[in-house]
Amino acid sequence: ATAAGAAPGFTMPMRSKDDVLLEEIQFLRQLLADSNEEKRIELAIVHDEVAEKQRVIDELRSQAIAAQGTLQAMKHGREVMSRVES
């Protein structure tokens, strides 16, 4: 049998059914490995995104606490000033 696209006069050796099945198994294993690698990469990206969002949340919390402190200090200062003025 001549292989499709092979040079004229070139014949492919007959492959056994076991060889064909082994080749298919190897192909499917490679697909599985590629899929697992893709999932690993996607998961790493999601972890990075979650970590970045957590950093933003932490920074905003820190800013909110600082703003609360400033507000409390201003309220206290206003109370002191109104007592002094009275």
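Source: prediction; values computed, not measured.

Participant: When you look at the overall build of the chain in this model, what are you seeing that I'm missing?
Facilitator: Summing up its helical and strand segments, the chain has one helix and zero strands in all. Residues classed as buried in the chain amount to 0% of the 86 residues present. Accessible surface, the chain as shown: approximately 8,000 Å² in total, 61% of it carbon and sulfur.

Participant: Which parts of the structure should I look at to understand the pattern of salt bridges?
Facilitator: Any two side chains of opposite charge can pair, so long as their charged atoms come close to each other. For the coordinates displayed, the defined rule picks out three salt bridges. R15 serves as the salt-bridge partner of E23, at 2.2 Å between the closest nitrogen and oxygen. For E37, the salt bridge identified is with R40, shortest N-O distance 2.8 Å. In this pair, E37 and R40 both sit in helix α1 (residues 17–85), three residues apart, roughly one turn of the helix.

Reading guide: rules and limits
Residue positions are given per chain, counted from 1 along the sequence in the order it is written. pLDDT decides what is reported in this predicted model: residues at 70 or higher carry local features, side-chain atom pairs at 80 or more are listed and counted, and totals for whole chains, interfaces and linings draw on all residues regardless. Hydrogens are left out, water is left out, and the side-chain values use all remaining heavy atoms of the structure. For the purposes of this entry, the term helix denotes a DSSP run of H or I that reaches at least four residues, the term strand denotes a run of E that reaches at least two, and both are numbered from the N terminus. Using a 1.4 Å probe on the protein chains alone, a residue whose accessible area is under 20% of its type maximum counts as buried, one over 50% counts as exposed, and one in between counts as partly exposed. Using a 1.4 Å probe, the Shrake-Rupley method yields the accessible areas, and only the shown protein chains count as cover for residues. A pairing counts as a salt bridge when a side-chain nitrogen of Lys or Arg comes within 4 Å of a carboxyl oxygen of Asp or Glu.

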